[in-house]
Amino acid sequence: MRSLRTPSLGGARAVILHRPHPTVEALTRQLAAIGLQAEAHWPDLGPTALAADFVFFDVDRGHDAQFPWPPGAAPMPMVALIGSEAPGRIEWALSMGADAQMLKPVGDGGVHAALLIAHAAFAARRALAAEIDGLRARLAGRRTVVRAVALLAAGSDEEAAYAELRRRAMEWRVTIEEAAARLVAQGGPLVRRRPA
Amino acid sequence: MPGMARTAAAHRAAFPGGGGGAGRVALGVSLAQRIRIGLLLSRSGSYAILSAACRSGALRAVEEVNADPAFPFALDPVERDPAGESDAYAPLCAELVSQGARHILGCVTSWSRKEVIPTLERLGAVLWYPCPYEGFEASSQVVYVHACPSRHLVPLLAWALPRFGARGYLTGSNYIWGWEVNRVARDLIQEAGETVLGERYLPLGDCDAGRMLAEIRATRPGFVLNNLVGASSYAFLAAMARLREEEGLAIPVLSCNLTECELPTLGAAAEGLIAAGPSFGEGNGSLEAAAHAAVLSLARRMATAGPEAPLDALLAAPDGGALEIDPATHHATLPALVARVEGGAFRVLERQEARPPDPYLARRPSFAAARLRAVAP
């Protein structure tokens, strides 16, 4: 089981993107009880939203232009406030990068769970994105690695050439992909030492 | 001055009862008016002793209010007994409301409290909850009169970890109270750089502590945090006392919910137990005091704001210092005491002054600083 690292919520800042409405009052009450500072924004997120730790956003009347970041690129966990469950609205909430959701009308509970789930989902999404970026970079370097091994293999076998590439990467303290790129740029294995 | 008859000095600190009148403003209430209040407490079942303490505190406050001519009304308690069956609470709660009780004092376990909250919301009734609980809740229909972890578990472990050291064993009854208090305890213990050796649960009412004892005997923890409730707890503590007498294995046992009302049942097995709570040392303990403070506070607030006033208005009304409730969380502002049973009675070891409640532990102190700071017991 993945252990839930409880985020420190005391003094955290939540921004609610919703027109003045009892939903905002109910959210604000729950957030205050938990220990967060809440502010409501409408019709769009003001500049202070960028410093928020959580954003709650209305799905019923929401649109892309309300946010100071491109769809899906929010720098903090996002909680969707869903009234209409029409597929089009859910699709839009997902495109904005909702990490958790609450159904309207918001009553007496649900905010704490939404905060914890959004926090965990956001952290997981970030970690996955970083991992995928790393894997993509390695994948992109694969052709270069093949070419570098071919260069090094001139006269010897492929396995030894790959071992040589690894050895150089370690010596240069770079990834194998980076070492391969350097070798290919140099046009061959002639330079055996890192330039001083 | 209504409701001024107080005996216990120690209780006055946590649930002061205080001065202040029922208020001269009667808001057109006739002198003969009787106000129904509900009592939803189990008079049998595995935690009946805890319910009995709450019931006695509530009824004592009812008597005081009714004997005090300054109150423009009399309280008329109506009772329902769920007999320790969690599924009986919600329907009996609805029954109390249908009998005219808009305010109900009751529930001992969190299980039962969670059962009645949807009913309270549906019917617009209010529960005054007089027992310690695991936190992470702030219902607009509940007033949390006793302590949450920021006022029991956190001060208890802050006191205990530097004294009893690195290795703890956790027990609990198999529902949200035990699970969540132990989950927080595990976080705090690990943050302090220490270890949880084991964690084991018994169903409510189950008295077979054999497996727990075997594990404790095998791992020899520096302390046990006991979150068992009622009969299970008595069986476990009796077995721990035998371990001490027969095998000389004296392991400190900590509790977040032990009060005076259980000491007669525990007898000699209570000796040495360490507990945290809002008051110790007088009367029948803090459950009784909390229930008393809740009913007295409610009556005084009704005397000023009117018996039909919505909860927010009641909480804004004065109550002569009987019970300070934070309007944002509906939790009581309470001191936190750590006490040990010595010679059959609690002796206070440490006292933290009253502090605003923090039910979601959003502002708890870091336990990382507690590392390596050993203190003599």
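Refer to the structure presented above.
Residues numbered from 1 in each chain as written. Chains lettered and ligands numbered in written order. Predicted model: local features only at pLDDT ≥ 70, side-chain atom pairs only at ≥ 80, totals over all residues.

1. A look at unusual backbone geometry
1) Next: Pro43(A) follows Trp42(A) through a cis peptide bond whose omega is 10°.
2) Next: Structurally, Pro43(A) can be placed in the loop between β2 (37-41) and β3 (54-58).
3) Next: In this structure, Pro105(A) follows Lys104(A) across a cis peptide bond, with omega equal to 0°.
4) Next: Counting through the fold element by element, Pro105(A) comes out in the loop between β5 (100-103) and α3 (111-140).
5) Next: At His330(B), a residue that is not glycine, the phi angle is positive and equals roughly 65°.
6) Next: Structurally, His330(B) can be placed in the loop between α11 (311-316) and β11 (334-342).
7) Next: By the C-beta count within 10 Å, which is 25 here, His330(B) ends up buried. (Helix = DSSP H or I, 4+ residues; strand = E, 2+ residues; numbered from the N terminus. Buried ≥ 20, exposed ≤ 12 C-beta atoms within 10 Å, placed from the backbone.)

2. Quick word on the sheet that holds strand β9 (residues 253-255) of chain B
Within a beta sheet, neighbouring strands are joined by backbone hydrogen bonds and run either parallel or antiparallel to one another.
Residues and elements named next belong to chain B.
1) Next: Ordered by their spatial adjacency, seven strands build an open sheet running β7-β6-β8-β9-β10-β11-β12, and the pairing between neighbours is mixed. Each edge of the sheet is formed by a strand with only one pairing partner; in this case those strands are β7 (195-202) and β12 (345-355). With strand direction ignored, the average angle separating the axes of adjacent strands in the sheet is 20°.
2) Next: As judged from the seven bridges shared by strand β6 (residues 167-173) and β7, these two strands associate in the parallel manner. Each residue of the ladder has a partner; that of Tyr169, found in β7, is Gly198. (Pairing = 2+ DSSP bridges. Axes fitted to C-alpha atoms, helices over the stretch in contact; angles between N-to-C directions.)

3. Quick look at the sheet that holds β3(A)
Residue and element names in this part refer to chain A.
1) Next: The strand order across the open sheet formed by five strands is β2-β1-β3-β4-β5, and the pairing between neighbours is parallel. At either margin of the open sheet sits one strand with a lone partner, and together these are β2 and β5. Within this sheet the neighbouring strands show an average axis-to-axis angle of 20°, counted without direction.
2) Next: Relative to β2, strand β1 (residues 13-17) runs parallel, the two sharing five bridges. Paired with Ala14 across the bridge in β2 is Ala38.
3) Next: Across the face of the sheet, helix α1 (residues 22-34) comes into contact with β1, β2, β3 and β4 (78-82) while running at roughly 160° to β2.
4) Next: Packing of α3 onto the sheet brings it into contact with β3, β4 and β5, and relative to β5 it is tilted by some 155°. (Contact = placed C-beta atoms within 7 Å.)

4. Some points on the interface of chain B and chain A
1) Next: At the junction of the two partners, chain B supplies 12 residues and chain A supplies nine residues.
2) Next: Its residues placed into classes, the side of chain B that touches chain A shows five nonpolar, three polar and four charged. (Nonpolar A, V, L, I, M, F, W, Y, C, P; charged D, E, K, R; others polar.)

5. Quick look at the pairing of β4(A)
Residues and elements named next belong to chain A.
1) Next: Most of β4 sits inside the fold, with four of its five residues counted as buried.
2) Next: Relative to β4, β3 is paired through four bridges, and the arrangement is parallel. Opposite Phe56, over in β4, you have Val79 as the bridge partner.
3) Next: In terms of strand pairing, β4 meets β5 through four bridges, oriented parallel. Its bridge partner lying in β5, Leu81 is registered against Met102.

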